[in-house]
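Observations on chain architecture
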Amino acid sequence: MNKRLRLALVGCGGRGLGMIDIASSFNDIELIALCDNNSKILKKASEKFPKAEVFDDFTTMLDNANLDILLVETPAKEHAEFAVEALKHNINVMTDIPCVSTLEEADELWEAQKNSSAMFMTGANPNMQAFIRSMQKVVKKDLIGKPSYIECEYIHDCRCYWEETPWRKTMEPIIYCTHSLGPMLTILKDDLRYVSCFDTGSHINNTDDQHDLMSALFRTEDNTIVRLMVSFINEYPDSHHHYRIIGTKGAWERSVDYGDGEQCYFYSKDIHEEQKFYPTSSGVLLNEYIGNPNAKGHGGCDYALWDALIKALRSNEKIPPISLRQGLQMSIPGIFAAQSAANGGELTKITYPWDK
């Protein structure tokens, strides 16, 4: 029988506790350590998971806890530093998204992964949605042809989370592009290479350091256009992810929910006689987890992340289901988009660590 994988969490807020609660439902996982520099948060976490050893110093935990996996659930702009140190200790890492908040962090994390024997897993739960898998199959079968235009929207009024996660107040929402770009980049052969982005600033609260909405237009080398809009301060009466793909043979779309649930539709001239949208798979939970009471977290996508990570670590190949490269592909464009917006929408070239 395989030994249980020894797991530690850094960042013991609500998201972190929810993730390790799901991880603990797997027989393969043993939660052995918790780390946070906030004593009240750490105490609350320890009360929920009393068997885990607690640390208020991250380096001390890495040096003494004999870890197999580190889960990073710190504020969004602090993910990379913890992942880098864990990789230097040859500890497998799963970190929430975005992977990095600066280009310097991207280079450092890329180098740490190259020099480590451990695996880095990008915790991009939107990539695990069943309707995304269905869309990928449609594209792989060449039913909509070459994608020439893609658009994504993430509208989520996050003001109710400000007390628990104050970093959300002033973060440029376009930096949180991963939820939208991640699923769509899986069908593109080329990286995003150019961006022009605009920022509305703060109309709702009239505060200099806040951003109601940001919209970016990206382009690949082969002239595929990707439009992205992200809003975290708004009076929009719903929270949703919207996706659209227009290809040379057809189209696919994830509709907005106006009360009857979000639906997916697609059209292909290769198989449809009439040029109109036809309903297609729109579920969130993957078929293999339907009926599993442990399949929780964002419609079961968080459970799917853990299952994929464990299977990868148990395999001989040890290939991460969502690699660091994929994580950087969906994180770095947001950094350049924020730079473009700060420069009034200036067209900006996007570079990646593997370009060097």
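Residues numbered from 1 in each chain as written. Predicted model: local features only at pLDDT ≥ 70, side-chain atom pairs only at ≥ 80, totals over all residues. Heavy atoms only, no water.

1. Here we look at the overall build of the protein
In terms of regular secondary structure, the protein is built from nine helices and 15 strands. Relative to the 2.2 N^0.38 estimate, which gives 21 Å for 356 residues, the radius of gyration of the protein is 20 Å and therefore close to what a compact globule would have. When the 356 residues of the protein are sorted by exposure, 55% land in the buried category. For the protein, restricting intrachain contacts to residue pairs at least 6 apart in sequence, the fraction spanning at least 24 positions comes to 66%. Counting every atom, the protein has about 16400 Å² of accessible surface; 48% of that belongs to carbon and sulfur. Looking at the protein, you have 36 positive and 50 negative side-chain charges, and the mean spots of the two groups are 6 Å apart. (Helix = DSSP H or I, 4+ residues; strand = E, 2+ residues; numbered from the N terminus. Rg over C-alpha atoms; globule rule 2.2 N^0.38 Å. Buried < 20%, exposed > 50% of the residue type's maximum accessible area, 1.4 Å probe, protein only. Contact = heavy atoms within 4.5 Å. Areas by Shrake-Rupley, 256 points an atom, 1.4 Å probe, with all protein chains shown as cover. Lys, Arg positive; Asp, Glu negative; His and termini not counted. Charge placed at Lys NZ, Arg CZ, Asp CG, Glu CD.)

2. Details of the sheet that holds strand S1 (residues 5-10)
Spatial ordering of the open sheet is given by S3-S2-S1-S4-S5-S6, a layout of six strands whose pairing is parallel. Both edges of this open sheet fall to strand S3 (53-55) and strand S6 (120-122), since each of them pairs with a single strand only. When strand polarity is set aside, the average angle formed by the axes of neighbouring strands in this sheet is 25°. Lying over the sheet, helix H1 (residues 14-23) contacts S1, strand S2 (29-35), strand S4 (69-72) and strand S5 (92-95), oriented at roughly 170° with respect to S1. Running at roughly 175° to S4, helix H4 (residues 79-88) makes contact with S1, S4, S5 and S6 of the sheet. (Pairing = 2+ DSSP bridges. Axes fitted to C-alpha atoms, helices over the stretch in contact; angles between N-to-C directions.)

3. Quick notes on the packing of aromatic side chains
Under the defined criterion, the tally for this structure stands at 11 aromatic pairs. For the pair Phe131 and Tyr243, a centre-to-centre distance of 6.2 Å together with 50° between the ring planes defines the contact as tilted. Taken together, the residues Phe131 in helix H6 (residues 130-140) and Tyr243 in strand S11 (residues 240-247) connect sequence positions 112 residues apart. In terms of burial, Phe131 and Tyr243 fall into one category: buried. Ring geometry for Trp167 and Tyr176: centres 6.5 Å apart, planes at 40°, overall tilted. Against the face of Phe131 rests Arg254, its NZ or CZ located 3.8 Å from the ring centre. Across from the ring centre of Trp354, 4.2 Å away, lies the NZ or CZ of Arg325, which sits over that ring. (Phe/Tyr/Trp six-rings, centres within 6.5 Å; stacked < 30°, edge-to-face > 60°. Lys NZ or Arg CZ within 6 Å of the ring centre and 35° of its normal.)

4. Re the environment of Ala312
Among the secondary structure elements, Ala312 is positioned in helix H8 (residues 301-314). Distance in space between the C-alpha atoms of Ala312 and Phe26 is 14 Å, their sequence separation being 286 residues. Residues in contact with Ala312, not counting those within four places in the same chain, are Met119, Lys318, Ile319 and Pro321.

5. Comments concerning the state of the cysteines
Per the stated rule, a full pass over the model turns up zero disulfides. The structure places no disulfide on Cys12, whose sulfur is separated from the nearest cysteine sulfur, that of Cys35, by 7.0 Å. Free cysteine: Cys158, not disulfide-bonded; nearest cysteine sulfur from Cys160 at 6.9 Å. Classification of Cys158 by relative accessible area gives buried; the value is 1%. (Disulfide = S-S within 2.5 Å.)

Just geometry here; none of it tells us what the structure is for.
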